[in-house]
Amino acid sequence: MSARFTIDGSDKLEQHLAVTCTHVRAGVERIVPAGKLEGLALAGGYGRGEGGVLRENGQDLPYNDMEFFVFIRGSTLINDRLFKAALHKLGESLSHAVGLDVEFKILSTARLRRSPVSMFYYDLVMGHRWIIGGDNLFAGCEHHRDASRIPLHEATRLLFNRCSGLLFANERLAQEDFSAADADFVGRNLAKAQLALGDVVLAMEGLYHWSCRERHRRLQELAGIDPSLLSHHAAGVEFKLHPQRSPHTRDELRQQHSVLSQLAQNIFLQLESRRLEIKLSTPVDYTTCKTNKCPEVPLWKNVFIHLRTRGIPSSITRYPREHLLHELVTMLWTERHATPSAIQQYTALWNRFN
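Residues numbered from 1 in each chain as written. Predicted model: local features only at pLDDT ≥ 70, side-chain atom pairs only at ≥ 80, totals over all residues. Heavy atoms only, no water.

Okay, the sheet that holds strand β6 (residues 129-132) next. In space, the 4 strands of this open sheet follow the order β5-β4-β1-β6, with mixed pairing throughout. Unpaired on one side and paired on the other, β5 (102-107) and β6 mark the two borders of the sheet. Strand-to-strand twist of the sheet, defined as the mean angle between neighbouring strand axes without regard to direction, takes the value 25°. (Pairing = 2+ DSSP bridges. Helix = DSSP H or I, 4+ residues; strand = E, 2+ residues; numbered from the N terminus. Axes fitted to C-alpha atoms, helices over the stretch in contact; angles between N-to-C directions.)

Moving on: the environment of Ser95. Along the chain, Ser95 turns up in helix α3 (residues 76-98). When its relative accessible area of 15% is taken as the criterion, Ser95 is described as buried. Once the C-alpha coordinates of Ser95 and Asp65 are considered, the two residues, 30 residues apart in sequence, prove to be 9.2 Å apart. Non-local contacts of Ser95, meaning those with residues more than four positions away in its chain, are made with Leu100, Asp101 and Val102. (Buried < 20%, exposed > 50% of the residue type's maximum accessible area, 1.4 Å probe, protein only. Contact = heavy atoms within 4.5 Å.)

Taking every second residue as pointing to the same face, the buried face of strand β3 (residues 59-62) carries Asp60 and Pro62, while none of Gln59 and Leu61 on the other face is buried. Adjacent in sequence and paired antiparallel, strand β2 (residues 53-56) and β3 are bridged by 2 residues, among which Asn57 carries a positive phi angle near 55°.

This part takes up empty space enclosed by the protein. Counted according to the given criterion, the structure contains 1 cavity of 30 Å³ or more. The volume enclosed by the largest cavity comes to roughly 40 Å³. Contributing to the lining of the largest cavity are His153, Thr156, Arg157, Arg275, Lys293, Cys294, Glu296, Arg321 and Leu325. At the level of secondary structure, the elements contributing two or more residues to the lining of the largest cavity comprise α6 (152-173) and α13 (320-333). The element best represented in the lining of the largest cavity is α6, accounting for 3 residues. Within the lining of the largest cavity, the residues separate by chemical class into 2 nonpolar, 2 polar and 5 charged. (1 Å grid on protein atoms, 1.4 Å probe; cavity = no way out; pocket = protein on both sides within 12 Å on 5 of 7 lines; lining within 4 Å. Points joined across faces, edges and corners; volume = space filled by probe spheres on them. Nonpolar A, V, L, I, M, F, W, Y, C, P; charged D, E, K, R; others polar.)

Take the pattern of salt bridges next. Tallied over the entire structure, the rule returns 18 salt bridges. With its nearest N and O atoms 3.2 Å apart, the salt bridge here joins Arg25 to Glu29. Taken together, the residues Arg25 and Glu29, both in helix α1 (residues 11-31) and 4 residues apart, mark about one turn of the helix. In this structure, Glu205 and Arg274 form a salt bridge, with 3.3 Å as the shortest nitrogen-oxygen distance. Within this pair, whereas Glu205 is found in the loop between α7 (180-204) and α8 (212-221), its partner Arg274 is found in helix α10 (residues 250-276), the two being separated by 69 residues in sequence. On the basis of relative accessibility, which here comes to 40%, the residue Glu205 falls in the partly exposed class. A cluster of three or more residues bridged by salt bridges with shared partners is formed by Glu56, Asp184, Arg188 and Arg245. (Salt bridge = Lys/Arg side-chain N within 4 Å of Asp/Glu carboxyl O.)

A grouping of Arg111, Arg114, Arg157, Lys301, Arg308 and Arg352 is seen on the molecular surface, where their side chains present a positively charged patch. At the level of secondary structure, the elements contributing two or more residues to the positive patch comprise α4 (109-114) and α12 (299-308). Tracing the sequence through the fold places Arg114 in helix α4. (Patch = residues over 30% accessible without salt bridge, like charges linked within 9 Å, V, L, I, M, F, W, Y side chains within 5 Å. Areas by Shrake-Rupley, 256 points an atom, 1.4 Å probe, with all protein chains shown as cover. Lys, Arg positive; Asp, Glu negative; His and termini not counted. Charge placed at Lys NZ, Arg CZ, Asp CG, Glu CD.)

Before going further, it helps to examine the packing of aromatic side chains. Under the counting rule described, the total for this entry stands at 13 aromatic pairs. Arranged with centres 5.7 Å apart and planes meeting at 55°, the rings of Phe69 and Phe120 form a pair that is tilted. Remark: Phe120 occurs in helix α5 (residues 119-126) and Phe69 occurs in strand β4 (residues 66-72); sequence separation between them is 51 residues. Judged by relative accessible area, which is 4%, Phe69 ranks as buried. Ring geometry for Phe168 and Tyr346: centres 6.1 Å apart, planes at 65°, overall edge-to-face. Of the two residues, Phe168 sits in helix α6 while Tyr346 sits in helix α14 (residues 340-353), which places them 178 residues apart along the sequence. Given a relative accessible area of 12%, Phe168 falls into the buried group. Within the aromatic cluster, the residues linked to one another by ring pairs are Phe69, Phe71, Phe120, Tyr121, Trp130 and Phe138. Over the ring of Phe185 we find Arg172, and its NZ or CZ is 3.9 Å from the ring centre. One residue, Lys293, lies across the ring of Tyr286, its end atom 4.9 Å from the ring centre. (Phe/Tyr/Trp six-rings, centres within 6.5 Å; stacked < 30°, edge-to-face > 60°. Lys NZ or Arg CZ within 6 Å of the ring centre and 35° of its normal.)

Printed below as a string of structure tokens:
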């Protein structure tokens, strides 16, 4: 991995991020006993050496969250109860002090070893920066290093989240008042979708990679690639490395959203047709099809979730994300308007099952 947090951020920014890691380490060591603490790793863009650099008023500023994995021996469920609240409080305190969001996720190396392959764990194992510990902690995690083994439902999950961002952006665009903060929100979600569409195509071909720059190179070499998709992905990579406040008007953002939403629909239907092994030509085909959209989730887990959580508007035998997928497709790509109450209900469930 790169010794840097960013591709081309200033020395001052690099030092700021390094000092933040020092404060994080000290805080985590105060909370988690040494006998329990296995390691501490910085993931995300800064952990991979591709963190965002926001250039404003002649200064390089951080943009992305800093996502730390705290590896703690024993049951992750029990460790959540023991340490999650204190780590969350630490994250809030540090976020206020250093000027960017600091987040913690609790995991154990034992759980990571026995977990199935996912895009999330692939990115973690292949792209990280150790604050405590080293790569010997990932012994036995070799299955997470092979991107060709990432299942298609992981690509669906990525597209589901980024298209949800398009849905939330559309809601902002429809507001009566549209502020600079709204424009920034919309622009950010458009850029995330631009990057994700190319990433999904690569994942469908078993060519995903932890580095966004390498992903773009691979996309360029992919036969028959849509030039517009390539252009969008290039813009998404640039935004990830060098984010900026949106300079566009509402009308300009509406136009960008319309074009990107149509491209996202096409890729979504291609992906789901391949994943579910059925022909899906239109959004209505998808929402009316009775095929289980989350076959990777076991029946017992679906039943357990429904018994534990009241008010999920879907069959007790189906994973709640299926309902969200149907709602997303309906509100984003059909003529049924997304009402504020529908968006509110969708957001509440999305925050739980994304």
